[in-house]
Amino acid sequence: MGETIDQLRASFIEETRDLINELEDVLLSIEVDSVDSDTIDQIFRSVHTIKGSGGMLGFDKVLEVTHDLEDIYDKVRFGSVQFSLELKDLSLETIDIIKQLLATNENINDTDKVRFADLCRKIELFDIGKSVNDDYASGNASDELSATEKNATYFIKITPEKKLPKELSHPKFLVEELSLLGSSLAFSLSAESLLIDDFEKPGKKATWVVFLSTFAPVDVIENIFDWTKNEIKVQIEKISDGDLFSIEGAREAIESLKEVVFENPDRAISVLIDKYSDQLDKNEITEAQYVPIQHEEVKRQADGKVISSIRVSTDKIDQLMNLVSEMVTLQARLNLLADEIDDERLTNIAEKYSSFSHLLRDNAFTISLVPFGVTITRYKRLVHDLSVQLNKKVYFITEGEDTVLDKKIIEHLSDPIMHILRNCVDHGIESEDQRKEAGKPENGQIQMKIFHQSNHVIIRITDDGMGIDPEVIRNVAIQRKLIKADQVVPEEEIINMIFMPGFSSAKSISNVSGRGVGLDVVKRNISDIRGTIDIQTQKGEGTTFVIKLPLTLSIIDGLQVKIDNRDFIVPLIQIDKIVALEELKQETTLSQVINIDGVQIPYFDLRNDFEIGGTPPERREMVIASYDNEKVALIVDHVVGENQTVLKSLGKHYKNQDFISGGTILGDGSVALVLDINRIVTGFSKK
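Given the structure is predicted, the values throughout are model-derived calculations rather than measurements.

What counts as what
Residues numbered from 1 in each chain as written. Predicted model: local features only at pLDDT ≥ 70, side-chain atom pairs only at ≥ 80, totals over all residues. Heavy atoms only, no water. Helix = DSSP H or I, 4+ residues; strand = E, 2+ residues; numbered from the N terminus. Areas by Shrake-Rupley, 256 points an atom, 1.4 Å probe, with all protein chains shown as cover. Pairing = 2+ DSSP bridges. Axes fitted to C-alpha atoms, helices over the stretch in contact; angles between N-to-C directions. Expected span 1.5 Å × (residues − 1). Bend = angle between axes of the 7 residues up to and from the residue. Parallel < 35°, antiparallel > 145°, perpendicular 65-115°, else oblique. Left-handed = near helix turned anticlockwise from the far one by under 90°. Contact = heavy atoms within 4.5 Å. Salt bridge = Lys/Arg side-chain N within 4 Å of Asp/Glu carboxyl O. Buried < 20%, exposed > 50% of the residue type's maximum accessible area, 1.4 Å probe, protein only. Core = buried A, V, L, I, M, F, W, Y, C linked by side-chain atoms within 4.5 Å. pLDDT = per-residue confidence, 0-100. Patch = residues over 30% accessible without salt bridge, like charges linked within 9 Å, V, L, I, M, F, W, Y side chains within 5 Å. Lys, Arg positive; Asp, Glu negative; His and termini not counted. Charge placed at Lys NZ, Arg CZ, Asp CG, Glu CD. Phe/Tyr/Trp six-rings, centres within 6.5 Å; stacked < 30°, edge-to-face > 60°.

Looking at the overall build of the protein chain
- Helix and strand counts for the protein chain come out as 22 helices and 24 strands.
- When the accessible surface of the protein chain is totalled, it reaches about 36700 Å², and 47% of it is carbon and sulfur.

Put into structure tokens, the structure is as follows:
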């Protein structure tokens with residue numbers, strides 16, 4: 001085997017995280033009274049896969065907690081148990097425990113051990129009604145169930161090869177998997193001693209014998225050993241129809257033959273059949289048609305497919321992006337050196353290297369971009385849990401989950417979006433009675449839409465709740481002495497005060513909100529990733545939060561400009577054109593606007609606004625940039641040219657610089673500051 005057991009376990013953890021995210025998403029999206037059989041089958045298959053794979057790789061607690069849950073969903077499939085809200089909540093709680101087990105490699109603390117034991121007990125005591133087997137045993141089987149599969153008893157012998165790879169997990173997990181199919185009795189024979197039903201002491205090379213009574217077809221039994229067929233020899237023999245273990249005294253008889261089973265299995269089987277054949281005929285029981293998971297069909301489909309994707313560690317992606325960033329910096333130095341030396345051969349090499357660098361950079365970008373939908377389940381779960389906690393009915397609708405973003409941006413967005421959703425559920429959506437009085441549907445609605453706009457990503461979160469009352473915000477601001485009682489403040493500024501640290505309009509403090517911590521963090525975290533957030537609200541109608549983000553954080557195409565002898569970078573993606581400026585003529589005395597091509601455009605003289613001082617050159621240049629679907633002009637001394645820019649953090653000492661999003665190293669080794677046009681416009685406009 002190519003992988004070690006540690007690698008297999010790590011792969012299982014990674015794959016299971018994806019699986020439980022899908023499972024959680026399915027559970028959160030279904031309605032109890034309208035769930036269909038395909039959805040139940042999907043849930044059952046997911047739980048079965050987690051249980052089977054976890055058991056084989058030694059995740060005992062995962063196996064324990066999923067075993068009984070799988071049984072419940074199996075009975076839901078057959079109709080003997082109804083899917084209910086209680087089962088849905090129990091399943092979500094199981095997912096939480098599995099997440100914790102995977103995160104800690106099952107080394108959970110005392111608190112989680114109590115949670116785990118409590119959950120296992122809940123599942124065990126879950127009111128599942130009578131199982132199909134119980135109905136048949138009592139003669140109350142439904143006429144609607146087709147009795148096509150019969151119970152049978154099998155003799156199974158498991159013999160590990162002498163050169164068993166050390167990476168192979170313990171065969172006892174295979175025996176445990178078999179025991180989940182029905183009634184069983186297992187013996188193990190090791191070099192030291194003969195052991196019965198002791199799954200811990202036998203060595204990995206011990207020989208096992210299992211007597212198994214099950215309704216499952218033989219191919220399901222064979223599938224358990226499919227992945228070990230090259231390392232373990234397996235003998236499966238059907239010894240009788242009917243459940244041998246249901247006959248009084250049969251189990252004790254099998255135990256009395258434990259030594260004969262290993263020395264002469266045929267004789268032991270013959271003794272059992274001769275002794276109990278008459279009772280097996282009378283005791284034969286039929287079972288509802290078995291619906292197996294189509295392992296072989298899936299395998300056949302998989303064999304015909306080409307591997308189209310691979311799983312790569314995020315650390316390797318980060319390392320790739322860092323290497324590409326360094327390459328971009330070296331490319332800038334090479335271009336500068338080629339210009340200085342003025343050698344045609346070196347210039348050609350620099351141009352080809354620059355083209356290659358752009359292609360590699362774009363390809364690396366694509367790899368580092370991930371769909372926003374990878375995090376959507378946690379937000380669905382948050383809304384679900386909060387709506388239950390606050391006794392509100394809330395529908396959460398998402399759109400555009402396949403929109404891609406830099407994974408670092410997605411990581412930074414987690415807390416801001418959770419804070420916004422928490423406020424939507426708590427402050428925005430009214431109670432059921434309040435909604436009835438307002439003539440609204442009983443169920444509130446929160447919609448999260450993600451889409452591309454130009455080269456940005458927009459996240460729009462809308463609720464149909466009570467909206468934000470500007471007067472309430474104004475009164476709180478007056479109480480906190482943020483504004484004076486007679487001061488005239490535009491409504492937009494009043495609404496934006498909710499982003500101030502410690503600001504809260506909640507009348508009481510709860511576990512959800514009211515302490516004034518949250519929306520200020522939202523704005524700060526979004527600003528840290530060069531994003532903006534705006535609020536659109538109408539009293540009684542609802543509120544919309546609009547988040548605007550860049551696609552990536554690491555490398556951008558920029559335009560290098562100079563002011564005095566200082567270098568700055570303007571993101572090229574926002575630049576419309578460059579205009580030579582012989583003389584600046586201000587159109588009015590009240591606002592800074594300039595007429596370009598017959599259109600008045602507001603401008604910012606960065607030399608003055610940045611308080612650089614000095615004497616500007618006679619001929620200056622104006623960069624026309626886009627801001628929120630409008631045009632603005634930035635006046636600089638000189639435009640140097642395009643620059644492929646690797647963004648670097650300026651450190652904590654410069655984190656409060658409102659107009660700078662980072663720095664970059666130029667080809668000559670000097671540092672240029674990267675300008676944030678959005679912040680420049682909003683910041684200087686207020687001044």
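Focus: the sheet that holds strand S18 (residues 593-596)
- One open sheet holds the five strands; their spatial order is S17-S20-S21-S19-S18, and the pairing between them is mixed. The open sheet terminates on both sides in strands that have one partner only, identified here as strand S17 (575-581) and S18. Averaged over all adjacent pairs, the angle separating strand axes in this sheet is 35°, with direction ignored.
- The pairing of strand S19 (residues 599-605) with strand S21 (residues 630-636) spans three bridges and is parallel. In the strand pairing of S21, Phe 604 is matched with Leu 634.

Looking at helix H16 (residues 407-428)
- Between its first and last C-alpha atoms H16 spans 29 Å; for 22 residues at 1.5 Å apiece the expected length is 32 Å, and the two agree.
- At Leu 413, H16 shows its strongest bend, of approximately 40°, with the proline Pro 416 following within four residues.

Quick word on the packing of helix H1 (residues 5-29) against helix H2 (residues 37-56)
- Contact geometry of H1 with H2 gives a least axis separation of 10 Å together with a crossing angle of 160°. Here H1 is positioned roughly antiparallel relative to H2, judged by the angle of their axes. When you trace H1 past H2, the crossing you get is left-handed. In contact with Phe 12, Thr 16, Leu 19, Ile 20, Leu 23, Val 26 and Leu 27 of H1, H2 contributes Thr 39, Gln 42, Ile 43, Ser 46, Val 47, Thr 49, Ile 50, Ser 53 and Gly 54.

So, the pattern of salt bridges
- Scanning the entire structure with this criterion turns up 23 salt bridges.
- A salt bridge links Glu 24 to Lys 99; the shortest N-O distance between them is 2.8 Å. With Glu 24 in helix H1 and Lys 99 in helix H4 (residues 85-103), the pair connects residues that are 75 residues apart, well separated along the chain.
- The exposure class assigned to Glu 24 is buried, which follows from its relative accessible area of 1%.
- Using a relative accessible area of 31% as the deciding quantity, one classes Lys 99 as partly exposed.

Digging into the nonpolar core
- Counting 45 residues, the largest nonpolar core has Phe 372, Met 448 and Ile 459 as the members making the most contacts within it.
- When residues in this core are grouped by element, the largest group, eight residues, is from H16.
- When neighbours within four sequence positions are excluded, Ile 459 is seen to be in contact with Phe 372, Leu 413, Ile 417, Met 448, Lys 449, Ile 450, Phe 545, Val 546, Ile 547 and Leu 549.
- Counting 39 residues, the second-largest nonpolar core is a separate cluster that includes Phe 12, Val 81, Ile 97 and Ile 123.

Structural notes on the confidence of the model for the protein chain
- Mean pLDDT over the protein chain works out to 77, with 81% of the residues at or above the 70 mark.
- Within the protein chain, the lowest mean pLDDT, 38, falls on strand S7 (residues 286-287), and the highest, 91, falls on strand S9 (residues 394-399).
- pLDDT under 50 marks residues 283-305. Its contacts with residues more than four places away, or in other chains, come to 47 contacts.
- Long-range and interchain partners of residues 586-590, a stretch whose pLDDT sits below 50, account for eight contacts in this model, where long-range means more than four residues apart.

Let's talk about the sheet that holds S9
- Read across the sheet, five strands follow the order S9-S11-S12-S14-S13 without closing on themselves; strand pairing throughout is mixed. Looking at which strands have only one partner, the edges of the open sheet turn out to be S9 and strand S13 (532-538). Strand-to-strand, the axes of this sheet are offset by a mean angle of 15°, without reference to chain direction.
- Bridging between S9 and strand S11 (residues 444-453) involves six bridges; their strand directions are parallel. Directly across from Thr 398, in S11, lies its bridge partner Met 448.
- Where helix H15 (residues 376-389) meets the sheet, its contacts fall on S9 and S11, and the angle it forms with S9 comes to roughly 170°.
- Docked against the sheet, helix H20 (residues 519-528) engages S13 and strand S14 (542-550), running at close to 140° with respect to S13.

Topic: a negative patch on the surface
- A surface patch of negative charge is lined by Asp 339, Glu 340, Asp 342 and Asp 668.
- Secondary-structure assignment places Asp 339 in helix H13 (residues 314-341).
- Overall, Asp 339 belongs to the exposed group, its relative accessible area being 59%.

Points about the packing of aromatic side chains
- On inspection of all chains with the given rule, the structure shows six aromatic pairs.
- Ring geometry for Tyr 353 versus Phe 356: centroids 6.5 Å apart, planes at 40°, classification tilted. One end of the pair is Tyr 353 and the other is Phe 356, both in helix H14 (residues 344-368) and three residues apart, which spans about a single turn.
- Ring centres 6.3 Å apart and planes at 20° place the aromatic pair Phe 372 and Tyr 379 in the stacked group. Neither residue differs from the other here; Phe 372 and Tyr 379 are each classed as buried.

Focus: H2
- Taking 1.5 Å per residue, 20 residues should reach 28 Å; H2 reaches 28 Å between its end C-alpha atoms and fits that length.
- Gly 58 occupies a position one or two residues after H2 and carries a positive phi of about 85°.

Things to note about unusual backbone geometry
- Despite not being glycine, Asp 342 shows a phi value in the positive range, around 60°.
- By the secondary structure assignment, Asp 342 is in the loop between H13 and H14.
- Looking at Asp 342, the relative accessible area reads 65%, which means it is exposed.
- Backbone geometry places Asn 391, a non-glycine residue, at a positive phi of 55°.
- Here Asn 391 shows up in the loop between H15 and S9.

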